[in-house]
Amino acid sequence: MMTYYNIHSHFPSHHSDEVTILNWIIRKKEEEEKGEKKAGFLSVGIHPWYIEDVAIQIKQLRDLAALPEVVAIGEAGLDRLIDTHIDIQQEIFVLQAHLAEELQKPFIIHCVKAWEELIVVKKQIKPKTAWIIHGFRGKPDLAEQLIHQGFHLSFGTYFNPGSLQIAYPDHIFAETDDKDSSVRIVYSQMASVLNITEEELGKQIQKNVKILFSI
Ligand SMILES: [Zn+2]
């Protein structure tokens, strides 16, 4: 029986054969959330949409990041469509990138219209840990450029088929993000675009997951 891997979700698994990395966004009002039981694998990070009280958020992130169930740092990112100044976003992003590097945990990235900045930061940091762009919907030429720069791409419900073909086989992951649905749907879309069976796709994604994550 195959295992389905969902590397970025805001909801728990839908089936027992799905392994999900549940994303936990560090907010200022973390106290309320602390009581909430989070089971399974987690990724923790400060999302660019929720840069609130940075000192408090960073402290909380540092406290959580080293826990064994936290298997990735992020999502963290750069987003040109929000009001927060890009320099502030970049500062928080770089800080989290260094934390991922320090802990040698993969780094999950949210990037909207800030590709040049993202590539520059990666060249400066020269990370040894994996940088994975989640929810990638970009065009094939961007996919090509990012893979050339050593990024991995995670695909959700909407993606550019040509970009998936470029990232396949070694740089692909699957996710559901903010959709409360099974990752099987994404697997079936990906398999049909790639013209392979779901089992073949499953083996490849499992291989990619095992290389980068301790899950
Ligand atoms: Zn997300």
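Owing to the predicted nature of the structure, the values given are computational and were not obtained by experimental measurement.

(A) Structural view of the layout of surface pockets. Taken as a whole, the largest pocket holds about 550 Å³ of empty space. As for the largest pocket, its lining consists of 26 residues, of which H110, H134, G135, R137 and D177 are closest to the centre. At 3 residues, strand β5 (residues 107–112) tops the list of elements feeding residues into the lining of the largest pocket. A per-class count over the lining of the largest pocket returns 10 nonpolar, 9 polar and 7 charged.

(B) Spatial organisation of the coordination of the zinc ion. Protein coordination of the zinc ion is provided by H8 (NE2), H10 (NE2), E75 (OE) and D177 (OD), with donor distances spanning 2.1 to 2.2 Å. Around the zinc ion sit 4 donor atoms, and with donor-metal-donor angles ranging over 85 to 166° the site reads as irregular. Counting gaps between the donor residues of the zinc ion yields the pattern H-x1-H-x64-E-x101-D. With H10 in the loop between β1 (4–9) and β2 (18–25) and E75 in strand β4 (residues 70–79), the pair connects residues that are 65 residues apart, well separated along the chain. The buried category is assigned to E75, whose relative accessible area is 3%.

(C) Up close: the packing of aromatic side chains. Going through the model one piece at a time under the given rule, you end up with 10 aromatic pairs. Between the aromatic rings of W49 and Y50, the centroid separation amounts to 6.4 Å while the plane-to-plane angle is 70°, which identifies the pairing as edge-to-face. Its relative accessible area of 25% is what places Y50 among the partly exposed residues. Taking 6.3 Å as the distance between ring centres and 85° as the angle between the ring planes, the aromatic pair formed by F136 and F155 counts as edge-to-face. Of this pair, F136 sits in the loop between β6 (131–133) and α5 (140–148) while F155 sits in strand β7 (residues 152–155), and the two are 19 residues apart along the sequence. Following the ring pairs from residue to residue traces out a cluster consisting of F93, F107, W131 and F151. Lying over the aromatic face of F151, K122 brings its terminal NZ or CZ to 5.2 Å of the ring centre.

(D) Representation of the sheet that holds β1 in the model. The sheet built from 8 strands is open, its strands ordered β1-β2-β3-β4-β5-β6-β7-β8 with parallel pairing. Only two strands of the sheet have a single partner each, and these edge strands are β1 and β8 (172–174). Taken over all neighbouring pairs, the strand axes of this sheet differ in orientation by 25° on average, direction set aside. The pairing of β7 with β8 spans 3 bridges and is classified as parallel. In the sheet register, S154 faces β8, and the bridge partner there is F173.

Rules of the game
Residues numbered from 1 in each chain as written. Predicted model: local features only at pLDDT ≥ 70, side-chain atom pairs only at ≥ 80, totals over all residues. Heavy atoms only, no water. 1 Å grid on protein atoms, 1.4 Å probe; cavity = no way out; pocket = protein on both sides within 12 Å on 5 of 7 lines; lining within 4 Å. Points joined across faces, edges and corners; volume = space filled by probe spheres on them. Helix = DSSP H or I, 4+ residues; strand = E, 2+ residues; numbered from the N terminus. Nonpolar A, V, L, I, M, F, W, Y, C, P; charged D, E, K, R; others polar. Donors = N, O, S within 2.8 Å, 3.2 Å for Na, K, Ca; no water. Tetrahedral: all angles 85-135°; square planar, octahedral: opposite > 155°, others 65-115°. Buried < 20%, exposed > 50% of the residue type's maximum accessible area, 1.4 Å probe, protein only. Phe/Tyr/Trp six-rings, centres within 6.5 Å; stacked < 30°, edge-to-face > 60°. Lys NZ or Arg CZ within 6 Å of the ring centre and 35° of its normal. Pairing = 2+ DSSP bridges. Axes fitted to C-alpha atoms, helices over the stretch in contact; angles between N-to-C directions.

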